[in-house]
Amino acid sequence: MKYFLGFIWFCLCLSPLYSQDTIYIENKDITDGPVSNNLYGSFWEMGFGRSDLLWGELLFNRSFENTKPISASNSWFTSYCPDINKAYWWHTGYEEPKWYLWSNGRKLDTLPLVFNEYWPSAHGKYYMELDTRDKTENILLVQDRIYLKKGKKYDVSGLFSTGNYLSEEKYSSHTVPLTIIICKEGNFQSQISSVKLEVNTNQFNLYHVSLPSVDYEGWCSFVLEVPVGYKLGIDLLSLMPTDVKNGWRSEAIKRIRQELHPKIIRMPGGCFASLYNWRDGIGPREERPVSYDTWWGCELLNDVGTFEMIDLCREIGAEPLFCVPVMFNNEYNAADWVDFCNNPENEQRKAYGRVKPLNVKYWELENEPYRRFDAITYAKRCVSFAKAMKAKDPTIQIAVGNYWLFNKKFAEILDIVGPYVELITNRGGTISEMQHDISLLNQYNKTHGTNIRLCHTEFRPPVSRQNVETDGLNKEVQVEETLFNASIRWKFAMNMVEQYIAYQNMGRNFFTATFTNLSDGWGECLINLPKETTYLSATGVAFSLLNSLDLVYPQKVKRALEDENLVIQAAWNAERNKMTLLLLNFNIISQPINFFAHPGYFWPIVAFANVWKETGWNAIIYLAAITSIDPSLYEAAAIDGAGRWAKIKHVTLPGIKPTIIILLLMNVGNVLNAGFEVQYLLGNGLVQKVSQTIDIYVLKWGISQGDFAIGTAAGIFKSFVSIILIVIANQIAKRNGEEQLF
């Protein structure tokens with residue numbers, strides 16, 4: 001009986017009480033125009049968060065230029081991921097497998113890297129030289145942790161030399177025979193696919209072969225075998241599936257296009273853009289220089305350049321937004337980039353195989369310019385850039401930043417740049433700040449006949465709704481978990497949707513918010529790309545849903561009850577024949593509940609556990625008692641018109657009454673036996689004040705503290721009281737003519 005009452009108490013404690021709310025949707029627009037078609041954008045930054053995982057390359061450090069770990073050497077990573085073992089966002093794509101040699105049955109970690117200095121030159125500062133002329137066994141150059149998929153074909157390429165690097169002749173007098181092998185990881189005898197390659201050039205030249213279709217899926221090793229008696233120079237190795245989309249991972253591109261479909265992609269990055277030289281990313285990849293002085297400190301091969309970024313946008317149906325360096329470069333460099341992309345007659349672009357113009361419409365001038373300029377100097381510099389760039393293509397639209405420190409000078413900035421730009425980006429501004437920006441823009445547009453709109457080109461939703469004054473970088477100290485871990489939570493996705501609703505309510509005055517990041521930003525992303533598969537993050541799922549809704553004309557909403565934790569958006573579609581109601585309920589669990597650390601939940605949990613534990617045994621006893629009842633009693637009750645409940649009341653309960661009394665008498669003695677195992681196992685320092693029982697007290701003082709006298713006294717006291725309670729209960733039963741124990 002006590003367990004049953006405890007169970008009822010537990011249910012009452014946990015049952016939430018809700019009050020009804022009435023929502024009134026008025027057929028009245030709250031914006032002066034439709035929501036922008038380009039509202040849902042994203043962001044792809046080179047050298048940050050392993051964005052390279054979207055590229056189809058399977059080999060890590062393929063040019064042997066990475067002298068330090070990519071992630072661990074990044075300042076953003078080291079600031080917000082202090083313990084990689086607690087990185088809940090981590091997946092296999094973040095692995096950085098090292099090259100190693102295998103010969104004579106053992107692994108050689110020391111690689112024969114050659115630093116170019118002056119000569120000979122390959123690709124970048126380093127290349128690999130394998131010399132087997134004095135060896136007795138072949139040498140294998142190996143990289144593990146390659147995940148291959150069944151049925152796919154793979155292309156292999158690289159820069160190779162016969163080792164006679166300096167010669168007036170292209171072709172060598174001898175040939176180096178190579179074997180490129182795919183085997184099960186670490187098992188060089190278990191070949192999955194292989195192909196022969198003969199190198200016959202003195203200088204480094206590009207070679208290309210295709211591996212036969214792979215009839216295996218799983219983890220593999222990439223092996224390059226050099227036979228005894230040769231010398232070989234190696235650089236810029238590549239292993240890519242043949243189904244890549246212009247170099248991009250096909251399965252990732254498909255999901256981004258079909259499920260996320262961002263309308264704008266900002267690239268080549270944020271901070272990275274400040275030092276980016278677009279000329280390093282054009283032409284054949286084997287001829288592109290390695291960039292060593294990048295913002296994020298990593299060596300960059302420039303596999304992805306202008307053409308590849310355009311290809312990515314076209315594959316996923318997005319418009320590119322190129323960010324132009326302003327702090328450390330000049331307007332002529334920016335104008336040349338516009339000309340290269342958009343001039344139909346640009347000879348350099350044509351020479352590289354792109355005859356038609358790329359038609360890049362949107363251009364942003366610098367990322368975080370306050371790192372070098374004051375607001376007015378930056379504004380004047382933007383005018384010079386805008387004039388030079390629009391002289392090449394007057395149809396482009398240019399975005400200028402007014403965020404953080406510069407927002408205090410926005411009115412002055414607008415007066416300077418207004419005649420030359422179409423977009424203002426307020427990165428990290430609060431909603432109230434952005435609404436004030438729009439008010440200034442509307443006034444300026446009305447006065448000058450312009451159509452300048454606001455946007456957010458590096459959108460990070462706040463980690464916490466309580467801290468709405470975030471700077472857009474979420475750099476506040478995270479008490480419970482790191483920024484990266486917080487970014488994978490569903491509450492972060494909910495915060496993102498709430499921010500997008502606020503941007504929707506700005507109507508046509510707000511152009512786009514490019515969510516940071518598109519892929520693999522150490523948790524901050526829409527889609528994750530481990531080596532073996534792809535999956536959307538929590539924000540990716542929410543982004544996909546939001547972008548699929550036809551929300552064009554937000555409507556005025558009134559409610560009977562005010563609740564800041566219930567966010568409501570109602571909007572017509574473009575034809576105004578379908579209305580969508582969007583509800584965000586932050587009331588479900590505003591903060592995670594640690595049930596085992598809250599004293600108020602301790603005894604309800606114990607009661608539930610005890611009820612659950614005893615239900616089976618008690619059910620056996622009562623079912624046995626019920627089966628002993630004469631079935632004719634039920635038949636007689638049915639003839640008298642008794643229903644189910646009447647039979648229980650007048651037949652079943654009287655029939656099992658002796659059993660109930662006996663069990664009651666037996667359990668009366670256990671009233672002081674509040675339990676030991678459950679309370680002891682669930683108890684901890686946070687609930688210690690409410691979790692103590694006599695048995696735990698005996699253990700603590702009588703055994704743990706060695707005070708056997710007080711422990712014995714407590715035990716005898718509990719036994720004495722239990723005997724008294726049993727005798728009293730038995731006498732009561734005897735006087736009432738009920739069953740008794742003695």
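This text follows the structure it describes.
The shown structure was predicted, so the numbers you read here are calculated from the model rather than taken from an experiment.

Quick notes on the rules
Residues numbered from 1 in each chain as written. Predicted model: local features only at pLDDT ≥ 70, side-chain atom pairs only at ≥ 80, totals over all residues. Heavy atoms only, no water. Pairing = 2+ DSSP bridges. Helix = DSSP H or I, 4+ residues; strand = E, 2+ residues; numbered from the N terminus. Axes fitted to C-alpha atoms, helices over the stretch in contact; angles between N-to-C directions. Salt bridge = Lys/Arg side-chain N within 4 Å of Asp/Glu carboxyl O. Core = buried A, V, L, I, M, F, W, Y, C linked by side-chain atoms within 4.5 Å. Buried < 20%, exposed > 50% of the residue type's maximum accessible area, 1.4 Å probe, protein only. Contact = heavy atoms within 4.5 Å.

J.: Quick question: what am I supposed to make of the sheet that holds strand β13 (residues 231-241) here?
T.: Reading across the sheet, the five strands line up as β5-β6-β13-β8-β11 and stay open at both edges, with antiparallel pairing between neighbours. Here the strands that pair on one side only, and so sit at the sheet edges, are β5 (113-115) and β11 (205-211). Sheet twist, expressed as the mean angle between neighbouring strand axes with direction ignored, is 40 degrees. Bridge analysis of β5 against strand β6 (residues 126-131) gives three bridges, and the strand direction is antiparallel. Bridging from a neighbouring strand, Phe115 pairs with Tyr126 of β6.

J.: Got a minute to help me understand the sheet that holds strand β24 (residues 566-572) in this structure?
T.: One key point about sheets: their strands pair by backbone hydrogen bonds, in either a parallel or an antiparallel sense. Read across the sheet, four strands follow the order β1-β23-β24-β25 without closing on themselves; strand pairing throughout is antiparallel. The open sheet has two edge strands, β1 (23-29) and β25 (579-585), and neither has a second partner. For this sheet, the mean angle separating the axes of adjacent strands, direction not counted, is 30 degrees. Pairing between β24 and β25: seven bridges, direction antiparallel. The residue bridging Ile568 from the neighbouring strand is Leu583, located in β25.

J.: Mind showing me how you'd approach the pattern of salt bridges here?
T.: Where charged atoms of side chains with opposite charge meet at close range, the side chains can pair. According to the stated counting rule, one finds 33 salt bridges in the structure shown. Between Glu129 and Lys231 there is a salt bridge, and its shortest N-O distance comes to 3.7 Å. Here Lys231 lies in strand β13 and Glu129 lies in strand β6, a separation of 102 residues in the sequence. Across the pair Arg266 and Glu364 runs a salt bridge whose closest N-O atoms are separated by 2.8 Å.

J.: Looking at this structure, how should I read unusual backbone geometry?
T.: Glycine aside, negative phi is the norm for most residues, and most peptide bonds take the trans geometry. Note that the residue after Met267, namely Pro268, is joined by a cis bond; omega there is 0 degrees. Inspection of the secondary structure assignment puts Pro268 in the loop between β14 (264-267) and α4 (306-316). For the peptide bond that leads from Thr516 to Asn517, omega is 10 degrees, which places it in the cis range. Inspection of the secondary structure assignment puts Asn517 in the loop between β20 (510-515) and β21 (527-528). With a phi angle near 60 degrees, Arg50 is a residue other than glycine that sits in the positive phi range.

J.: Sorry, what's going on with the nonpolar core here?
T.: For soluble globular proteins, the rule of thumb is that nonpolar side chains tend to be buried together. Formed by 110 residues in total, the largest nonpolar core has its most connected members in Trp363, Leu365, Met389 and Tyr500. Those residues in contact with Met389 that sit more than four places away from it in its chain are Val324, Ala334, Ala335, Val338, Trp363, Leu365, Ile396 and Ile398. By size, the runner-up hydrophobic cluster in this structure holds 32 residues, among which are Leu130, Phe222, Val226 and Ile234.

In short, geometric facts, not functional conclusions.
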